[in-house]
Amino acid sequence: MRQLIKEHRMQTMSLHLQSITREREIITDEMKNIIQGILPENDKRFNGEENPGSLAFKHYNDLREKRLNLEAEQSLYFFRRAASRERSQRTRRNCCPDSYKIVGRGFLAPTIRNEAKAKLTEEEYQLLKLGPRFIYNDPKAASRRRTTELTVLKRKIETRFFKKKASSGRSVDQFIAELDRIIKNLHDTTINKTIRKHKEQREIITYDNLLETIDFNQYQLTKCPITTDKQRKQKNYGRLIKRLKHKLRSTNIVIKKTDKSKVFHLGKLQDYHKKSEEYMEKTEAYECLHQNDPLPNLIESTNKYLLKLRLDNWITQKQYEQLSIKKDEVELAHLFYLSKAHKPGTPLRSIVSGLKHPTIKISRFLDELLRPLFDRMASSTTVTSGIEVIKQLYEWSKRNARQDTLICTMDVIDLYTMIPQTEGILAIKKMLDYLNLKQINGLKIETIIRLCRFVVRNNYFSYDSKYYHQIRGGAMGSPLTLTIANAYMFFFERDIVKQINNSNGLYIRYIDDIFITINWSSQHLEKQIDRWNKFDLNIKLKAEVGYTTNFLDLYIENKNGAKRCPSLSKTIEKKGCK
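Fair warning: this is a prediction, and the values are worked out from it, not measured in the lab. (Residues numbered from 1 in each chain as written. Predicted model: local features only at pLDDT ≥ 70, side-chain atom pairs only at ≥ 80, totals over all residues. Heavy atoms only, no water.)

Caption draft 1: Molecular detail of the overall build of the protein chain. Along the protein chain, the regular secondary structure elements total 21 helices and 19 strands. A sequence separation of at least 24 residues applies to 72% of the contacts in the protein chain between residues at least 6 apart. Accessible surface, the protein chain as shown: approximately 33900 Å² in total, 51% of it carbon and sulfur. (Helix = DSSP H or I, 4+ residues; strand = E, 2+ residues; numbered from the N terminus. Contact = heavy atoms within 4.5 Å. Areas by Shrake-Rupley, 256 points an atom, 1.4 Å probe, with all protein chains shown as cover.)

Caption draft 2: Up close: the sheet that holds strand 16 (residues 541–546). Reading across the sheet, the four strands line up as 14-15-9-16 and stay open at both edges, with antiparallel pairing between neighbours. Looking along the sheet, the strands with just one partner apiece sit at the ends: strand 14 (506–510) and strand 16. Within the sheet, the average angular offset between the axes of one strand and its neighbour, ignoring direction, is 15°. (Pairing = 2+ DSSP bridges. Axes fitted to C-alpha atoms, helices over the stretch in contact; angles between N-to-C directions.)

Caption draft 3: Layout of the confidence of the model for the protein chain. Averaged over every residue, the pLDDT of the protein chain is 77; residues scoring 70 or more account for 73%. Across the protein chain, element-level confidence peaks in helix 18 (residues 445–456) with a mean pLDDT of 94 and bottoms out in strand 1 (residues 101–103) with 29. The model gives residues 191–195 a pLDDT under 50, and that stretch makes 10 contacts with residues more than four places away or in other chains. For residues 218–234, every residue scores under 50 in pLDDT, and the model assigns this stretch 25 contacts once sequence neighbours within four places are set aside. (pLDDT = per-residue confidence, 0-100.)

Caption draft 4: Structural context of the nonpolar core. Counting residues in each nonpolar core, the largest one holds 61 residues, and the members touching the most others are Leu 366, Leu 370, Met 431, Ile 516 and Trp 532. Counting residues per element, this core draws most heavily on helix 19 (residues 479–492), which supplies 10 residues. Residues contacting Met 431, with those up to four places away along its chain left out, are Leu 370, Phe 374, Met 377, Ala 487 and Phe 491. Core analysis: the next-biggest nonpolar cluster, separate from the first, contains 15 residues, Tyr 272, Leu 335, Leu 348 and Tyr 463 among them. (Core = buried A, V, L, I, M, F, W, Y, C linked by side-chain atoms within 4.5 Å. Buried < 20%, exposed > 50% of the residue type's maximum accessible area, 1.4 Å probe, protein only.)

Caption draft 5: Region of interest: helix 20 (residues 494–502). Within helix 20, the full set of buried residues consists of Ile 496, Val 497, Gln 499 and Ile 500. Relative to the axis of helix 20, the buried residues are bounded by an arc of 165° and lie together on one face. Exposed positions of helix 20 whose direction lies more than 90 degrees from the buried face are Asp 495, Lys 498 and Asn 502. Backbone geometry just after helix 20 places Asn 504 at a positive phi near 60°. (Arc of directions from axis to C-beta.)

Caption draft 6: Here's a closer look at the packing of helix 12 (residues 295–311) against helix 18. At a minimum axis separation of 12 Å, helix 12 and helix 18 run at an interaxial angle of 175°. As summarised for this structure, helix 12 and helix 18 are arranged roughly antiparallel, according to the angle between their axes. Packed against helix 12, whose contacting residues are Ser 301, Thr 302, Tyr 305, Leu 306 and Leu 309, the element helix 18 presents Arg 450, Leu 451 and Phe 454 at the interface. Here the contact of helix 12 with helix 18 is composed, by residue class, of five nonpolar, two polar and one charged. (Parallel < 35°, antiparallel > 145°, perpendicular 65-115°, else oblique. Nonpolar A, V, L, I, M, F, W, Y, C, P; charged D, E, K, R; others polar.)

Caption draft 7: Geometry of unusual backbone geometry. Located in the positive-phi region is Asp 414, a residue other than glycine, with phi close to 50°. Here Asp 414 is to be found in the loop between strand 9 (406–412) and helix 16 (415–418). Located in the positive-phi region is Asn 504, a residue other than glycine, with phi close to 60°. Mapped onto the elements of the fold, Asn 504 is located in the loop between helix 20 and strand 14.

Caption draft 8: Representation of the side chain of Ser 350 in the model. Looking at the secondary structure, you find Ser 350 in strand 8 (residues 348–353). Separated by 3.1 Å, the side chains of Ser 350 and Tyr 279 make a polar contact. Discounting chain neighbours no more than four positions away, the residues touching Ser 350 are Tyr 279, Tyr 286, Leu 335, Phe 336, Tyr 337 and Met 476. (Polar contact = N/O pair within 3.5 Å; in protein donor to acceptor, adjacent residues only side chain to side chain.)

Caption draft 9: Highlighting helix 17 (residues 421–434). Compared with an ideal rise of 1.5 Å per residue, which puts 14 residues at 20 Å, helix 17 spans 20 Å between its outermost C-alpha atoms and is within 8% of the ideal. Within the sequence span of helix 17, burial applies to Gln 421, Gly 424, Ile 425, Ala 427, Ile 428, Met 431 and Leu 432. Around the axis of helix 17, the buried residues are gathered within 145° of arc, so they sit on the same side. Buried residues in helix 17 make contact with helix 14 (360–377), strand 10 (439–440), helix 18, strand 13 (466–470) and helix 19. Of the residues one or two after helix 17, Asn 436 is the one with positive phi, at around 55°. (Expected span 1.5 Å × (residues − 1).)

Caption draft 10: Layout of the pairing of strand 18 (residues 554–557). Only one face of strand 18 is buried, namely the one carrying Leu 554 and Ile 556, since none of Tyr 555 and Glu 557 on the opposite face is buried. In this structure, strand 17 (residues 548–551) lies alongside strand 18, joined through four bridges in antiparallel fashion. Paired with Asn 550 across the strands is Tyr 555, a residue of strand 18. If you look at the hairpin formed by strand 17 and strand 18, you'll find two residues sitting between the two strands, and Leu 552 has a positive phi there, around 55°.

Caption draft 11: Region of interest: the packing of aromatic side chains. All chains considered together, the criterion is met by 11 aromatic pairs. Geometrically, the ring pair formed by Tyr 434 and Phe 491 is edge-to-face, given 6.3 Å between the ring centres and 80° between the ring planes. A residue pair is termed long-range when its members are at least 10 positions apart, and Tyr 434 in helix 17 and Phe 491 in helix 19 qualify at 57 residues. One aromatic cluster in this structure is built from Tyr 279, Tyr 286, Tyr 337, Phe 461, Tyr 463 and Tyr 468. (Phe/Tyr/Trp six-rings, centres within 6.5 Å; stacked < 30°, edge-to-face > 60°.)

Caption draft 12: Region of interest: the sheet that holds strand 8. Strands sit in the order 6-13-12-7-8 across an open sheet of five strands; the sheet is mixed. Of all strands in the sheet, those bounded by a partner on one side alone are strand 6 (286–290) and strand 8. The mean angle between the axes of side-by-side strands here comes to 40°, regardless of whether they run parallel or antiparallel. Here six bridges tie strand 7 (residues 333–339) to strand 8, and the two strands are oriented antiparallel to one another. Counterpart to Tyr 337 in the pairing with strand 8 is Ser 350.

Caption draft 13: Quick peek at the environment of Asp 375. Its location among the elements puts Asp 375 in helix 14. Taking the C-alpha atoms as reference points, Asp 375 and Thr 483, separated by 108 residues in sequence, lie 9.5 Å from one another.

Caption draft 14: Representation of the environment of Lys 247 in the model. Inspection of the secondary structure puts Lys 247 in helix 10 (residues 237–250). Residues within four places of Lys 247 in sequence aside, it is in contact with Lys 119, Leu 120, Thr 121 and Glu 124.

Caption draft 15: Up close: the pattern of salt bridges. In this structure the tally under the stated criterion is 14 salt bridges. Between Arg 146 and Asp 180 there is a salt bridge, with the nearest N and O atoms lying 2.6 Å from each other. With Arg 146 in helix 5 (residues 139–163) and Asp 180 in helix 6 (residues 169–188), this pair connects stretches of sequence that are 34 residues apart. We classify Arg 146 as buried; its relative accessible area is 16%. Classification of Asp 180 as partly exposed rests on a relative accessible area of 28%. Of the charged contacts in the structure, one is a salt bridge between Asp 433 and Lys 429, with a shortest N-O distance of 2.9 Å. You can see Asp 433 and its partner Lys 429 sitting in helix 17, four residues apart, about one turn around the helix. (Salt bridge = Lys/Arg side-chain N within 4 Å of Asp/Glu carboxyl O.)

Written out as structure tokens, the structure reads:
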């Protein structure tokens, strides 16, 4: 499906580019004819210095041509982005030095964080360099997975039809069969055919400056050696992976992908255990239950609690059936860590994976009710992507950017585990009171609070053959935890947002990452950050102040208060696309 989308995008943008090219040629010819008609070469009366009207007309013509060029360049954003991504992937796999990968345009980062100093063969190292997203060609595994996933997809579609009280008929079977055929054909298509097809599409483009950019992308692709099908078949990836797993297991080395850069990190098992113990001691959020498995009691208590709510008419029969659980469908959550390789000392980010946890149904149910309400309440101060940051920052910079404008990013330390459970539930209650709601979809506010309290206080998981109970904060991995943390931060940051807005600054938050740009002195800003850190003992802000920063997937820099270029390419670089 990704391949189909990419091909459709290339074809659409190529056609669009041809139309723009033709339009530009026609308009340019018309303007030249007009200029030649009203400005004879040998008539000195029409000299621009003597005739302001002719000078203004020439200036208008230049601006119009620049605008057409800019519109064409902006319309090719997705086309160039796809080419850049494809080029960077080929370069990373085939042309980069052993310890670096190219991210976007000119960014270098290690492909493998080998802190354990594991001894790897050249084949093993090259395999790990391909990254966590690489999937080797295994027709048997692909066929099994395709069959399984299409069966699941068909079941989901039929379920949606059933909920709408409609019959799916033969159309669903035909759709699944066609999708199976398309995916099978795409799986069997070699990379050489895809590259050759993209080259043919690029040869259609004839637009001046943009042609050079696209030709350069094509040159970068062809410059990198492409592995042929024959060479690829010679590598037995299955055997290589088994050998690598055995080597890492025998040497007590743990391989995980990193938190932000999504590359492999190799670390010693004892280092992971040590950092895990330090994290648990620092947060004081976990109670060790040793070998006492809490799952049987948790299943029983969850169903009993839901039954009590049903008998007391706090929830409907449909909601009770939706939220109740069966013993053979649940399993206890487990804790794992992602390495923050981009930070000094490589700290860990804890993730509690509970996709089949006994309270996961209640957590999802509450999150579907509450998250839209929070998004509506905090739409002016929160973002969900780097694109929203770019838009807000550009609008703000048109009015307020100066040469000495400061950029500040703040990270909330251990947000999920540092919020006390009672205060987190109260934040949800404050949010509902703030929105003046008495019930949501027929569910009383008191019922919602009771269910939230049950989910937060029943976070159990296993780690390293032991069982734990989380007694502080929420599990990072539970849907409800994100909404609780967001609501808590909304009421914490209200005074800060008011202060920033009164000073004509910009305040943006994405969960536990905060971005501020303001025309204050650095001493005053740092003094205010120290004051904000005293607002709440549970919230600690770690700030970086300067004229450049990395926020989400953006690199942001104040270049002497520059305000030109609507695409923000002079002031904002998005990693991978300038």
